[in-house]
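# Commentary on secondary and tertiary structure
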Amino acid sequence: MATRSVVLGLSLVVAAAGAFSNGACSNEVVVVTPPPAEPEGTSVDLPDVPVAGIGEELERQFTEGDGLFDLPLRVADGLGPLYTQDHCSGCHKSAGRGPGLVQKMSVVGTDGAPVADQSKLPYGDTVHPLLAGGGKTPIAAPDGDPSIRVTTRLGPPVLGRGYMEAVADAEILRVEAEQAKRSDGIRGRVNWVVYASEANEDTSFHTHKKGDRVIGRFGLKARVATLDDFTADAFQGDMGITSPLRPSEFANPDGLTDDGKPGVDVSFGSVNKRAMYSRLLAIPKRRPTTGIASSVPPAKLFENAQCASCHVPTLRTRADYPITVLANVDAAVYTDFLLHDMGPDLADAARPGSDGTASYREWRTAPLIGLRFNRSYMHDGRAKTIREAIISHRGQGSQANGSVNLYQSFSTDDQQALEAYVLSL
Ligand code: HEC
Ligand code: HEC
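Residues numbered from 1 in each chain as written. Chains lettered and ligands numbered in written order. Predicted model: local features only at pLDDT ≥ 70, side-chain atom pairs only at ≥ 80, totals over all residues. Heavy atoms only, no water.

Around ligand 1, the structure places 27 residues, and the nearest of them are Cys88, Cys91, His92, Gly219 and Leu220. Note that an oxygen atom of ligand 1 is positioned 2.8 Å from one of the side-chain N or O atoms of Arg161. When contributions to the shell around ligand 1 are tallied by element, the ones reaching two or more residues are strand S2 (101-107), strand S4 (148-154) and helix H5 (227-239). The element best represented in the shell around ligand 1 is H5, accounting for seven residues. Broken down by class, the residue content of the shell around ligand 1 amounts to 15 nonpolar, seven polar and five charged. (Near = heavy atom within 4 Å. Polar contact = N/O pair within 3.5 Å; in protein donor to acceptor, adjacent residues only side chain to side chain. Helix = DSSP H or I, 4+ residues; strand = E, 2+ residues; numbered from the N terminus. Nonpolar A, V, L, I, M, F, W, Y, C, P; charged D, E, K, R; others polar.)

This part is about helix H11 (residues 412-424). The end-to-end C-alpha distance of H11, which contains 13 residues, comes to 18 Å, matching closely the 18 Å that a straight helix rising 1.5 Å per residue would cover. When H11 is considered as a whole, its buried residues turn out to be Asp414, Gln415, Ala417, Leu418, Glu419, Tyr421, Val422 and Ser424. On the buried face of H11, the contacting elements are helix H7 (298-304), helix H8 (307-310), helix H9 (386-391) and helix H10 (401-409). (Expected span 1.5 Å × (residues − 1). Buried < 20%, exposed > 50% of the residue type's maximum accessible area, 1.4 Å probe, protein only. Contact = heavy atoms within 4.5 Å.)

Right, let's talk about the packing of aromatic side chains for a bit. Inspection of the entire model under this criterion finds five aromatic pairs. Put simply, the rings of Phe62, Phe69 and Tyr277 pair up and form one aromatic cluster. Lying over the aromatic face of Phe337, Arg217 brings its terminal NZ or CZ to 5.6 Å of the ring centre. Between Lys221 and the ring centre of Trp363, over which it is positioned, the NZ or CZ distance is 3.9 Å. (Phe/Tyr/Trp six-rings, centres within 6.5 Å; stacked < 30°, edge-to-face > 60°. Lys NZ or Arg CZ within 6 Å of the ring centre and 35° of its normal.)

The next point concerns the pattern of salt bridges. Applying the stated rule across the entire model yields 26 salt bridges. Put simply, Arg174 and Glu171 hold a salt bridge, and the shortest N to O gap is 2.9 Å. One end of the pair, Arg174, and the other, Glu171, are both in helix H4 (residues 169-180), three residues apart, so they sit about a helical turn from each other. Relative accessible area serves as the criterion here: at 34%, Arg174 is assigned to the partly exposed category. Classification of Glu171 by relative accessible area gives buried; the value is 14%. Asp320 serves as the salt-bridge partner of Arg318, at 2.9 Å between the closest nitrogen and oxygen. One network of salt bridges, with partners in common, ties together Arg153, Lys221, Arg223, Asp229, Asp233, Arg246, Asp348 and Asp355. (Salt bridge = Lys/Arg side-chain N within 4 Å of Asp/Glu carboxyl O.)

Moving on, we get to the coordination of the iron atom of ligand 1. Of all protein atoms, His92 (NE2) alone acts as a donor to the iron atom of ligand 1, lying 2.1 Å away. Tracing the backbone shows His92 in the loop between strand S1 (82-83) and S2. (Donors = N, O, S within 2.8 Å, 3.2 Å for Na, K, Ca; no water.)

This part is about the site of ligand 2. Neighbouring ligand 2 are 26 residues, the closest being Cys307, Cys310, His311, His379 and His393. A distance of 2.8 Å is found between a nitrogen atom of ligand 2 and a side-chain nitrogen or oxygen belonging to His311. In this structure, His393 approaches ligand 2 through a side-chain N or O atom, which is 2.8 Å from a nitrogen atom. Contributions of two or more residues to the shell around ligand 2 are made by H8, strand S11 (362-364) and H9.

The values reported here are purely geometric and, on their own, carry no functional implication.
This is how it looks when you write it as structure tokens:
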């Protein structure tokens, strides 16, 4: 029988935030409160703003989606039977990173790698600590079993994700082909995934159907292709909220197939409005870097240390993306969307197959968007500074080893200039 003691330290964060969520129906009514006035002396340096020039109607949709993103859902809305947080911004506060998190677990061998037999974890690789709507048994790591490894994933920022969705498939495939020709170990690969949601009634962004083979872009291991699919996945996986895109509750120890709200919990609109908010979030304005001692332009340092080989500064978006200001532009995404082997130290515990084709050692190059709003870096927040983030790219067999060596060969001034540049993005 599962107990929570193994995960308790980290679960406290989510548990505390979820403690008040089992009350009356919220019916998804959003009260839009104006943002607080900016303190004196700050510029428009906020993360949670829409792309400029989208027009009044899309601005209205942004504000509506923003309110829903922050709205706690209740038992009467279909929360549960198990969940981790009751609202999106519980894990993406102000569209940024954390504070909520998700824990993954897998049965590993003595070398730390997941083994084929995962039957000790019959309810999947994700910890679901909280109960609502009839759930009685949380999903937690079995206590005191050294063969079960538990690791953490922080909710990444959702800034600029419309640009990321808009990037043309051909661009990602081009970068993959270019890297395949390299001889320095940098060799990312597309996470080809099977589209897991039912078809959306709104086909303006894509016409994928369940079972289609698509290029994964979203999630720390690029396991999902589109923002509506990710939203439906987050509803189902993080909140126990079913939708027409993901109509069933995930497997749970109590064998429950429904919760306090009979049937499918929310509408297509509930999913699409939240997806629209993440599509319309701007890439924060670049902060000017001042007081830098290096004589080399920082973008050049970024290139010289091979950061730009994986964190590709811009990729072209497709011409027919429905949000016209995001169509046919060079989007400053600072990722290649490809999976890279980052070695055993960064590896996490996820069941083979749960992140598309990604292995436990592989990660999507993190988009360097608005990093100055984060307090920690890397998928589990292990790095507290950009310097620590760069150093943690190193590991046995990591594709970034050469890049870390180049960075360390720089003068102290150049290293600091590179770090400041990364924080300015
Ligand atoms: C319990 C915490 C939690 C909650 C609640 C949550 N998320 Fe997330 N979110 C995460 C984590 C962790 C990831 C990375 C997941 C992965 O790699 O599998 C993520 C990833 C994402 C991404 C992909 C970002 C990227 O860089 O590719 C989007 C978009 C997203 N979430 C949207 C949402 C929406 C919309 C909701 C509400 C319906 C939501 N999330 C609720 C934790 C959460
Ligand atoms: C081989 C590809 C590769 C190279 C080269 C590379 N990175 Fe990364 N980078 C990644 C991957 C993959 C991640 C995500 C790893 C994780 O979260 O565990 C990442 C994460 C990061 C992060 C953390 C972002 C966040 O959201 O927390 C920073 C900062 C970063 N890289 C900066 C750099 C810099 C600066 C360089 C050059 C010195 C560099 N990277 C070189 C692939 C690469």
